[in-house]
Each structure stands twice: as structure tokens, then as C-alpha cells.
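# Structural overview for review
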Amino acid sequence: IDWMAMRGINMPLMLTGQEFIWIKTFEQFGLNFEDMNEFFSGPAFLAWHRMGNIRGWGGPLPIEWVEKQFELGKTIFNRMRELGMKPVLPVFAGHVPSKMAEVYPEANIAPSHRWAQMVDDYCCVSFVEPTESLYSEISEAVVKNLIKYFGPNDHLYNGDQYNEMSPSNSEPSYLASVATGMIKSLKKADPDAVWIIQGWMFVFDKEIWQEEQIEAYLSSVDDDSMIILDMRAENHPVWNRTKSFHGKPYIWCQMLNFGAQTEMTGSMDTLISHPFEAASQSSMVGIGLTMEGIENNPVMYDMLLDQAWMTGPDTVENWLERYLTARYGYVTQPVRDAWGLLRKTVYSYLVNTFPNVGRTPSLFTDTRTDRVRDLLKALELLLDLIPYAGHVPAYRHDLTELTRQVLADVFTCSHASVVESFRAKLKPELSFWNNRMRESLED
């Protein structure tokens, strides 16, 4: 929270304690806690469960854990508001325990489609048709319970009906009615409600979400009642192919990381200029981070968030000079040269992958083997700063991360040579490169 506050983040997502609110709400609709055991996933998998992708995987949740998470959620929520932030709270998107269909047999409740090849026991979450009155009633109850248990909020609510899930009907008129029903139910409980949605579905499922469908879904909600996250705008922007989300306010977001990958990656040239270009010609209202994992590539997060305080685009060189001076306390020419090499290698393009050292063994070879010499040189240059900044945690972190990346790339190069030797049936070479891979792992 402090990290976010110091970098100017003012609209954080706050989901901790959501399951407590869902339990209280479902109990109002005739379910007991045992009816929900097959619904909630285990704590490590709640990100997917909350989006309706899975059910029950790693569960059930102990009620004691749910209650403690709620207490933690209240602490987080209150601290965010103390710091002037406006937390975004979760709302009902249609996903319910399967028992709900038995309690309301007349309601249109059907299994969602299978996500990511999950087996029957953990897939196909029951989904209340958004045009049903039951959907509106549950949605209204969730918002009222959020206000009841968390207290006054800032009227910002996130609910994604189709995150990597397909609607039952792709007709524009149907999608318009779905969005209309959602915002009406939110407004009924909170007249000032603003619906925050991820724009990821427009990237993930382009076959369904074509121009006509997107326009129908978005245009059925007033502009001042919706904010859209352009989830991966750094390399898959949606705003520029949807007439700026048909005029809806949106946030230009950097995803950068899938699944907490450890690769040093990102495009500095894109990040230093594209947000300003988007802001000058669209309905963009802010910048944001939507990464799936943190504690990696801090320079990329800082570069984007720093632009909230800038009046116009800068050059990468100028920005890095200020950044490194602030981060290390001292900058030498070898350090500038080191970061110049990083900019032209790992920070010249975005990849979403784990290093070969973290993958299942295979004959697949990574083509990114030509940069290892530049990374080795960058590491040597960065070591120049040890007498001046060896005690600085941020410098030690960067030095450690670069060393890890060098070792990972050496492993990748060795693996490529192992595959080549294997295919050519060169046993001595195969043995040599296999030993090099082992050495990389030991280092």
C-alpha cells in the first residue's frame, strides 16, 4: 500500500475479504455454507475463481480463513482511504454455487463453458443469465453488503462477466441488455456507482467481440458510469481499434508480466512515449498496472508511473539518468553504458515467458541466444558501482537480478547447443554442453 501511495496510485483494486461478502449474500438467497464448498477455490487460486474461470480447485475454504481475510480486508480498505486512495471493490458478475439452480429452479442458471481444459469437477461455474431478475437482486444485495460491512466507499466497483469466458449469445442487442442490466442493478444499490471493467475480453476473444458487439456492450452504459482498463496497452492496445472504446473513459495499462515470470523484459521506447500519444487523441483518463506478478522489472513500473508527474514525453536516456541517480545515489559512465546495453537487449521488446531453466525439458530451443554477450558486458560494467553503492539495497537487487538473467541466458544457449548436438548425434559435444547446463544450475 505504501509503495502504491508513494508512486501516486489512487485507484487500487481491493478484493481481500470478497468471499465473506459473497457468503453473506448467498445466505440471503437460501444457501448455507456447506452449499458453497464446491464453489470457492483454495486461496492460491482465487484470482481465477473470482473471474468465474474455475470452482472448487484447492478448496474448500475454511470459514475461519474467510473471516480473517475479511478483517484484513477492512484494514487494507481503511488504510487505502486514509492515504487518499479510492479502492475499487468487487461486485457480482453472475457466478454462483451450483446449488442456486436448485433453490431457484425457475431462474435461467446454466454452466459456463470450460476454461483452460479444466476437468468437470472444477470447471463450468454456474452462471445466472444477466437478464434474469435474480441476477439483479443478487447484484444489488452484494453492493449493499459491501457498504454494510466495509462502510462508506468511493462508488467504484469491478465486475467482469466474461473474462476469458464467452457470452451465451453474441447478438449486439443481447450484449447491450446484459450491460444495461449490470449497471442498473449497481445504481439501484448505489446511485453513484461507476462500473470498472477489464478490456481483456476484447483482446482474448476477438471472434466474438467484434466492432459491433463491443459498441453495443459499451454504448448501453453512460460515459460517466463506466471506466475501462485497456489491460495490455503496451503491445495489444484496444483503444485505437474501438474508437477510443466508443468514447468511454479508459486507463492505459501495462501488463508486462504473466504468471509471475522472472524474465527481465519490457519496451522502454514504447513506455516512454505511447501513453502520451494515446492521451492526446483519445478518451484516456489515466495510467495503470495490471501485471499478474510483482517484484520484477521495477524500472518498467517506475517508468510508467513516473509519467503521471510529467507534462510531456521524455527521452529514455534523460529518464534513466534521473532514475538511476535516485535509485543508486550515484551514477558512473560504466553504469550508463550498462543500462544502455540493457535497453537495447532485455528492455527493447516484451516477452512473456519463463527462462528455459524453469520449463519442462523439451527439444524446443529459445531463439534469444544472441544477447548473452551484451548481458555479460552489462554485468561487468554494473559492478563498477560497488565501491559507491554496494550498500544500497536497490543496487544490490538490480545486480542480483542481472546476474540471474545472465545465468538463465547462459543456460538457454547451452540448451540450444544440447538440442543441436542431440539432433546431429554428436555425443562428445552433447556431453560438453550438458555439463555447461549443470554448471549454470549450480551457479
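Check the entry above for the structure.
Residues numbered from 1 in each chain as written. Predicted model: local features only at pLDDT ≥ 70, side-chain atom pairs only at ≥ 80, totals over all residues. Heavy atoms only, no water.

## A short note on the pattern of salt bridges
One side chain can pair with another of opposite charge once the charged atoms of both are near each other. Using the following cut-off: One speaks of a salt bridge when a side-chain nitrogen belonging to Lys or Arg is within 4 Å of a carboxyl oxygen belonging to Asp or Glu. The secondary structure listing takes helices from DSSP runs of H or I that are at least 4 residues long and strands from runs of E that are at least 2 residues long, numbered from the N terminus. Residue burial is assigned from relative accessible area. The probe radius is 1.4 Å, only protein chains are included, and a residue is buried under 20% of its type maximum, exposed over 50%, and partly exposed in between.
Throughout the structure, instances matching the rule amount to 21 salt bridges. Ionic pairing is found between Arg81 and Asp154, a salt bridge with its closest N-O pair at 3.1 Å. Of the two residues, Arg81 is situated in helix α4 (residues 63–82) and Asp154 in the loop between α6 (133–150) and β5 (156–158); the sequence distance between them amounts to 73 residues. Residue classification places Arg81 among the partly exposed positions, given a relative accessible area of 32%. Note that Arg343 and Asp269 form a salt bridge whose closest N and O atoms lie 2.5 Å from each other.

## Some thoughts on empty space enclosed by the protein
Where empty space is left becomes clear once a probe the size of a water molecule has been rolled over the atoms. Short version of the rule: Here a cavity denotes a set of grid points, spaced 1 Å apart and computed over the protein atoms alone, in which a 1.4 Å probe fits but from which it cannot get out, and a pocket denotes an open set meeting protein on both sides within 12 Å along at least five of seven lines; residues with an atom within 4 Å of a point are reported as lining. Grid points are joined across faces, edges and corners, and a volume is the space filled by probe spheres set on the points. Each residue receives one of three labels: charged for Asp, Glu, Lys and Arg, nonpolar for Ala, Val, Leu, Ile, Met, Phe, Trp, Tyr, Cys and Pro, and polar for the others, Gly being one of them.
For the structure on display, the rule yields two cavities of 30 Å³ or more. Each pocket or cavity is described by its volume, and for the largest cavity that value is around 110 Å³. Elements that contribute at least two residues to the lining of the largest cavity include exactly α12 (298–306), α13 (316–328), α14 (333–344) and α17 (393–424). Among the elements that take part in the lining of the largest cavity, α17 stands out by supplying four residues, more than any other. Here the residues of the lining of the largest cavity sort into nine nonpolar, two polar and three charged.

## Re the sheet that holds strand β2 (residues 95–96)
The condition that has to hold: A pair of strands is labelled paired if DSSP reports no fewer than 2 bridges between them.
Strand order in the open sheet made by the three strands is β2-β4-β3, with antiparallel pairing throughout. Two strands close off the open sheet at either side, each with one partner strand: β2 and β3 (109–111). In the sheet, β2 pairs with strand β4 (residues 126–128) via two bridges, with the strands oriented antiparallel. Looking across to β4, one finds that Val96 is bridged to Ser126.

## Here's the deal with the nonpolar core
Operational definition: Put simply, buried Ala, Val, Leu, Ile, Met, Phe, Trp, Tyr and Cys residues joined by side-chain atoms within 4.5 Å make one nonpolar core. A contact between two residues is defined here by any heavy atoms of the two lying within 4.5 Å.
Judged by nonpolar contacts, the single largest core of 124 residues is most densely connected at Trp195, Tyr217 and Trp339. In this view, Tyr217 contacts Gln161, Tyr162, Leu175, Val178, Ala179, Trp195, Ile197, Met201, Phe202 and Trp209; residues no more than four positions away in its chain are not counted. Grouped together as the second largest cluster of nonpolar side chains are six residues, Ile54, Met118, Cys123 and Cys124 included.

## A word on α13
Formally: Between the first and last residue of a helix there are one fewer steps than residues, each counted as 1.5 Å, and that sum is the expected span. This arc describes the spread of directions from the helix axis toward the C-beta atoms.
Taking 1.5 Å per residue as the helical rise, α13 with its 13 residues ought to reach 18 Å, and the 17 Å between its terminal C-alpha atoms agrees with that figure. Along α13, the residues that are buried comprise Val316, Trp319, Leu320, Tyr323, Leu324, Arg327 and Tyr328. For α13, the arc enclosing every buried residue in end-on projection is 130 degrees, short of the 170-degree limit, so these residues lie on one face. In this fold, the buried residues of α13 make contact with α11 (268–279), α12, α14, α15 (372–382), α16 (386–389) and α17. Just beyond α13, the residue with positive phi is Gly329, at close to 85 degrees.

## Description of the packing of aromatic side chains
Rules: Stacked, tilted and edge-to-face are the three classes assigned to paired rings of Phe, Tyr and Trp, where Trp is represented by its six-membered ring and a pair needs centres within 6.5 Å; plane angles under 30 degrees give stacked, over 60 edge-to-face, the rest tilted.
This model, assessed by the stated rule, comprises 25 aromatic pairs. Taking 6.0 Å as the distance between ring centres and 85 degrees as the angle between the ring planes, the aromatic pair formed by Phe70 and Tyr149 counts as edge-to-face. Linking Phe70 in helix α4 with Tyr149 in helix α6, this pair joins segments that are 79 residues apart in sequence. A ring pair is formed by Tyr328 and Tyr395, whose centres lie 5.4 Å apart and whose planes are at 85 degrees; its orientation type is edge-to-face. Here the residue Tyr328 occupies a position in helix α13, and Tyr395 occupies one in helix α17, the gap between them amounting to 67 residues. Per residue, the accessibility class of Tyr328 equals that of Tyr395, and both read buried. Through a chain of ring-to-ring contacts, the aromatic side chains of Phe127, Tyr162, Trp195, Phe202, Trp209 and Tyr217 assemble into a single cluster.

## Quick word on the sheet that holds strand β6 (residues 194–198)
Across the sheet, which stays open at both edges, the six strands sit in the order β1-β5-β6-β7-β8-β10 with parallel pairing between neighbours. One side of each edge strand has no neighbouring strand; the edge strands of this open sheet are β1 (89–90) and β10 (284–289). By the bridge criterion, three bridges tie β5 to β6 in an arrangement that is parallel. Within β6, the residue paired with Tyr157 across the bridge is Trp195.

## Points about the pairing of strand β8 (residues 250–254)
In terms of burial, β8 is largely enclosed, as five of its five residues are buried. Along β8, one buried face is formed by Tyr250, Trp252 and Gln254 and the opposite face, lined by Ile251 and Cys253, is buried too. Sheet topology places strand β7 (residues 226–230) next to β8; three bridges connect them, and they run parallel. Its bridge partner lying in β8, Ile228 is registered against Tyr250. Alignment of β8 against β10, held across five bridges, turns out to be parallel. Looking at the pairing, Ile251 lines up with Gly286 of β10.

## Observations concerning the state of the cysteines
Formally: Put simply, a disulfide is two cysteine sulfurs that come within 2.5 Å.
Enumeration according to the criterion identifies one disulfide in this entry. Residue Cys123 pairs covalently with Cys124 via a disulfide, S to S 2.3 Å. Disulfide Cys123-Cys124: torsion about the S-S bond near -70 degrees, hence left-handed. Each member of the pair, Cys123 together with Cys124, is buried.

## Some thoughts on the layout of surface pockets
Estimates place the volume of the second largest pocket at around 250 Å³. Mapped onto the lining of the second largest pocket, the elements with two or more residues apiece are α12 and α13. Looking at the lining of the second largest pocket element by element, the count peaks at five residues for α13. The residue makeup of the lining of the second largest pocket, split by class, is six nonpolar, no polar and five charged.

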